[in-house]
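Here is what each chain is made of, one letter per residue.
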Amino acid sequence: MTDSEPKVKKSKLSSGDGPGSSHEEQEVVIDFVGRSPEEDDVEGITQLLVPLFHSSGVDLPELVKLIIEQKNVGSVIKEDESIEENQNEDEDDEDDEDNIFGLNTVLDLTKNKESQCTKQLRKFILSLAKDHAEDYSAVESLLSNDTSAPVGLIINERFINIPPQISVPLFESLSKEIKGSDELSDFKHFVMICKIYKPSKRKVKSKPEKEASGILWSNAEEELINEEAEIKFEYPINDEIDSAVGGSWLEKDEAMITYRRLITFPASKLNSIIEKIKSSLSYVCVLFPLNVFKN
């Protein structure tokens, strides 16, 4: 993001350990801002990425470094400290200043193919496809290092219960930054790894041909992106590891099992997907002033 800071007013964030948590629900009202990743964000970004890349073989410190080194590409979501300072001028809470509530960015898997971190990312995706994809060759072809068809890995991670309409300005900014960057390729395809929840009583296939009912998406906008996917497959993950970015569910809710779903879609559809997300989430946009995000 540029120097201008996007904001979402009075967003509600619940604490807890994730779906099925029996912890008492606590509601906190937070004002958010978004800006480009900086050196001070290393710890917060790392915490967000640990669940996604746990046991992946990806060098996480190098990955975070790569994300931060991409100038004016991607965004982190933080608490609006200026409001907090105005309300509590006498309080000094340095811990809150370091909190990162979300990350939205892209990594070039083609242009940076020789970097060790990129090689690890490609190997991780291919290993997942080998174990879980219905058509491994399609994924292998997508990641074939063909410079005429560059691939970007979109990372869209945030704490659960942050309202999904925040994704609209984040993706709008990312789209503009991709077009305006001299460091990134002219992507032909994107890869995303999304988080979903399924009822524990349901028998889950790792290669879904049809969408089963009862699926919950941690980031609601990703369900709309999934509708445009050319390749998709899913795999179970360790709930204890993933609870780092969890939220709370009511005890009466059905117990859910956490999965990750890898999807690919044409880069040419990104802007139309953003419009689709914007339209689908318009019913909540009245409550949240999206117009204050950067142009």
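Residues numbered from 1 in each chain as written. Predicted model: local features only at pLDDT ≥ 70, side-chain atom pairs only at ≥ 80, totals over all residues. Heavy atoms only, no water.

Caption draft 1: Fine view of the side chain of Arg158. Note that Arg158 resides in strand 5 (residues 151-158). Residue classification places Arg158 among the buried residues on the basis of a relative accessible area of 4%. Side chain to side chain, Arg158 and Glu221 meet in a polar contact 2.8 Å long. (Helix = DSSP H or I, 4+ residues; strand = E, 2+ residues; numbered from the N terminus. Buried < 20%, exposed > 50% of the residue type's maximum accessible area, 1.4 Å probe, protein only. Polar contact = N/O pair within 3.5 Å; in protein donor to acceptor, adjacent residues only side chain to side chain.)

Caption draft 2: Here's a closer look at the nonpolar core. Leu49, Phe53, Leu63, Ile155 and Phe233 are the most contacted members of the largest nonpolar core, which totals 37 residues. Those elements that provide at least two residues to this core are helix 1 (42-53), helix 2 (60-69), strand 4 (102-108), helix 5 (116-132), helix 6 (136-142), strand 5, strand 6 (189-199) and strand 8 (231-236). Those residues within four positions of Leu63 in sequence are excluded, and the remaining contacts are Leu49, Phe53, Val58, Leu107, Cys117 and Leu121. (Core = buried A, V, L, I, M, F, W, Y, C linked by side-chain atoms within 4.5 Å. Contact = heavy atoms within 4.5 Å.)

Caption draft 3: Examining the pattern of salt bridges more closely. Inspection of every chain in the model, using the stated rule, returns 14 salt bridges. One salt bridge in this structure joins Arg158 and Glu221, with 2.8 Å as the shortest N-O distance. Note that Arg158 is positioned in strand 5 and Glu221 in helix 8 (residues 221-226), a separation of 63 residues in sequence. With a shortest N-O distance of 2.6 Å, Glu234 and Arg261 are connected by a salt bridge. You can see Glu234 sitting in strand 8 and its partner Arg261 sitting in strand 9 (residues 256-266), a full 27 residues away along the chain. For Glu234, a relative accessible area of 1% gives the class buried. Exposure remark for Arg261: the relative accessible area of 0% places this residue in the buried category. Overlapping salt bridges bring together Arg35, Glu38, Asp41 and Lys78 as one network. (Salt bridge = Lys/Arg side-chain N within 4 Å of Asp/Glu carboxyl O.)

Caption draft 4: A negative patch on the surface, seen in detail. A surface patch of like charges, here negative, comprises Glu39, Asp40, Asp59, Glu62 and Glu69. By secondary structure assignment, the location of Glu62 is in helix 2. (Patch = residues over 30% accessible without salt bridge, like charges linked within 9 Å, V, L, I, M, F, W, Y side chains within 5 Å. Areas by Shrake-Rupley, 256 points an atom, 1.4 Å probe, with all protein chains shown as cover. Lys, Arg positive; Asp, Glu negative; His and termini not counted. Charge placed at Lys NZ, Arg CZ, Asp CG, Glu CD.)

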